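# A look at the structure
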Amino acid sequence: MSVINVSPGLALSAQPNLAAFAGFARQGFNKIVNARPDGEEPGQPGNQAEARASAAAGLGYAFIPVRSDAITEADVRAFQRAVLETEGPVLAHCRSGLRALILYTLGEVLDGRMARSEVESFGRSLGFDLAAAGRWLDREAGYPAKVKGFYDQRTGSIQYVVSDPSSRVCAIIDPVLDFDEKSGATATHHADAILDHVAREGLQVAWILDTHPHADHLSAASYLKQRTGAPTAIGAHVVDVQRLWKGIYNLSDFATDGSQWDRLFADGDRFRIGNLDSTVMFSPGHTLASVTYLIGNAAFVHDTLFMPDSGTARADFPGGSAKSLWSSIQRILSLPDDTRVFTGHDYQPNGRHARWESTVGEQKSANRHVAGVSEAGFVLSREARDQTLPMPRLILHALQVNMRGGRLPEPEDNGRRYLKFPLDALGQAAW
Ligand SMILES: N[C@@H](CCC(=O)N[C@@H](CS)C(=O)NCC(=O)O)C(=O)O
Ligand SMILES: [Fe+2]
């Protein structure tokens, strides 16, 4: 098996046989990176077998599967981390080695260590055609909105900073307030990482947006408003969610008028992020109040569609509806095929790295819950699957904070804040 050295920390090969893994360890490699989706051709060993062969050979292993026509920045960063985290060289492969080299090269250009003009000749020097990497860079450079995703491993949530490169104005979407339910501790590590990014890039925050009142994590909207002074916003139907949960929590003096946010968006409302035009689409189903933000050619769809290999969000929370979710998804899929789709969660199916960006075209052709499925079929399978899902770990913690726009409950007379839990209210336990 021929191995091509790319940098001191990285070498490439074509698809290796499992029998070669022990030899790689003897040659001094520390980790295998498999950049190839399973099932591309008969006889391909696949993720699980490669993970086992790596472990048996004493090698680390990372699964970063990509298709060369659907590479995203998350793939590039995951590949960089897999190499950087490893002391000693990594051997990366796909079918021919090309996709692994594309991932490496894109990271070098994004980080300014290689010029765009050097990409093709760098590829030729190693015997590869990197035209696809060049096309990726040119396409990204032409997008009206610049999107940076921040993944929260604890909750599988993706938070976004979306900015207008011409004015350096940005919006923050769905920021997470860290919460450890075992100790009751709150923290702002993720929100502060977003603020660091904003400061490093010289951005001005114009909006702090939530797509819906989250049921699985606390929103950092209120904290970020305190830190930046930017207005907060959410979908106007949040008032229906407030009414519903005010009852569940038995809160007597809680205002259910949405006054906890600076702006409530109705379907079709428009707003600006610098020179970027943004439109709000009402997208109910996962919750009563969910919205999609369409910013430039980027749709922030949160918990409607997940990545094509994951499918769709659940629709069984109080106020949820699989039928409404289907309609909302169809509306998203009626956007132009090249619309970029940014999802709100990724639960890393099959042990792959976290990914969050796709296109309407990819979703239409490959979403495992939606492509080639009828409305009736979707509703049936969505409802059946939802019956098997336990409630999110933090649903009772999260809603009472998120229906207050991400504010924690007021402190009691000892200065401490407390959460409150209704017992036997949701009726969906997984014993
Ligand atoms: N295990 C997670 C599940 C969170 C969850 O239910 N996520 C929602 C979005 S808020 C979902 O749609 N999940 C789909 C699924 O788990 O298949 C937790 O406990 O937090
Ligand atoms: Fe959600």
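Residues numbered from 1 in each chain as written. Chains lettered and ligands numbered in written order. Predicted model: local features only at pLDDT ≥ 70, side-chain atom pairs only at ≥ 80, totals over all residues. Heavy atoms only, no water.

With that out of the way, let us pick up the overall build of the chain. From N to C terminus, the chain includes 13 helices and 20 strands. Relative to its length of 431 residues, the chain is compact, with a C-alpha radius of gyration of 23 Å against a globular reference of 22 Å. Viewed in the frame of its principal axes, the chain has a C-alpha envelope of about 70 × 50 × 50 Å. Looking at the chain as a whole, 54% of its 431 residues qualify as buried. For the chain, restricting intrachain contacts to residue pairs at least 6 apart in sequence, the fraction spanning at least 24 positions comes to 69%. Distance between charge centres in the chain, computed from 43 positive and 49 negative side chains, equals 1 Å. (Helix = DSSP H or I, 4+ residues; strand = E, 2+ residues; numbered from the N terminus. Rg over C-alpha atoms; globule rule 2.2 N^0.38 Å. Buried < 20%, exposed > 50% of the residue type's maximum accessible area, 1.4 Å probe, protein only. Contact = heavy atoms within 4.5 Å. Lys, Arg positive; Asp, Glu negative; His and termini not counted. Charge placed at Lys NZ, Arg CZ, Asp CG, Glu CD.)

The next thing to look at is the packing of helix α3 (residues 73-84) against helix α4 (residues 98-110). To characterise two packed helices, one gives the angle between the axes of the helices and the distance between these axes. Two numbers describe how α3 lies on α4: the axes approach to 9 Å, and their chain directions differ by 95 degrees. The orientation of α3 with respect to α4, classified from their angle, is roughly perpendicular. Each of Glu73, Asp75, Val76, Arg77, Phe79 and Gln80 in α3 lies in contact with α4, whose residues at this interface are Ala100, Leu103, Tyr104, Leu106, Gly107, Glu108 and Leu110. Here the residues of the contact of α3 with α4 sort into seven nonpolar, two polar and four charged. (Axes fitted to C-alpha atoms, helices over the stretch in contact; angles between N-to-C directions. Parallel < 35°, antiparallel > 145°, perpendicular 65-115°, else oblique. Nonpolar A, V, L, I, M, F, W, Y, C, P; charged D, E, K, R; others polar.)

Let's shift gears to the site of ligand 1. Taken together, the neighbourhood of ligand 1 is formed by Asp216, His286, Asp303, Phe306, Ala313, Arg314, His345, Tyr347, Arg385, Leu389, Pro392 and Arg393. In this structure, Tyr347 approaches ligand 1 through a side-chain N or O atom, which is 2.8 Å from a nitrogen atom. In the environment of ligand 1, an oxygen atom lies 2.8 Å from a nitrogen or oxygen atom belonging to the backbone of Arg393. Considered on its own, ligand 1 offers 490 Å² of accessible surface; in the complex 81% of this is hidden by protein. Partitioning the shell around ligand 1 into residue classes produces five nonpolar, two polar and five charged. (Near = heavy atom within 4 Å. Polar contact = N/O pair within 3.5 Å; in protein donor to acceptor, adjacent residues only side chain to side chain. Areas by Shrake-Rupley, 256 points an atom, 1.4 Å probe, with all protein chains shown as cover.)

With that settled, the discussion passes to the pattern of salt bridges. Taken as a whole, this structure holds 30 salt bridges when the rule is applied. Here Asp111 makes a salt bridge to Arg113, at a shortest N to O gap of 3.2 Å. Salt bridges sharing common partners tie together Glu73, Arg77, Glu108, Asp111, Arg113 and Lys148. (Salt bridge = Lys/Arg side-chain N within 4 Å of Asp/Glu carboxyl O.)

It is a general feature of regular strands that their side chains alternate between the two faces of the sheet. Of all five residues making up strand β18 (residues 298-302), five are buried, and the element is well covered by its neighbours. Neither face of β18 is open: one carries Ala298, Phe300 and His302, the other Ala299 and Val301, and all of them are buried. Of the strand pairs in this sheet, strand β17 (residues 291-295) and β18 are connected by three bridges, and their pairing is antiparallel. Note that in β18 the partner of Leu294 across the bridge is Ala299. The turn joining β17 and β18, which pair antiparallel and follow one another in sequence, is formed by two residues; a positive phi near 60 degrees is taken by Gly296. (Pairing = 2+ DSSP bridges.)

One open sheet holds the six strands; their spatial order is β6-β7-β8-β11-β13-β14, and the pairing between them is mixed. Whereas interior strands pair on both sides, the edge strands pair on one side only; in this sheet they are β6 (146-152) and β14 (263-265). Between one strand and the next, the sheet's axes are offset by a mean angle of 25 degrees, whatever the strand orientation. With five bridges connecting them, strand β8 (residues 169-173) and strand β11 (residues 204-209) associate as parallel partners. Bridge pairing in β11 places Ala171 opposite Trp207. Sheet contacts for helix α8 (residues 221-228): β8, β11 and β13 (232-235); angle to β11, the most-contacted strand, approximately 160 degrees.

Among the nonpolar cores identified, the biggest contains 33 residues, and Phe79 and Leu101 are the most heavily contacted of them. When residues of this core are traced back to their parent elements, those giving at least two are β2 (10-13), α3, β5 (90-93), α4, α5 (119-125) and α6 (131-142). Ranked by the residues each element gives to this core, the list is headed by α4, at seven residues. Setting aside chain neighbours within four positions, we find Leu101 in contact with Val6, Leu12, Phe122, Leu126, Phe128 and Leu130. Val169, Trp207, Ala233 and Phe265 belong to the second largest nonpolar core, which has 26 residues in total. (Core = buried A, V, L, I, M, F, W, Y, C linked by side-chain atoms within 4.5 Å.)

Nothing here speaks to function; it is geometry throughout.
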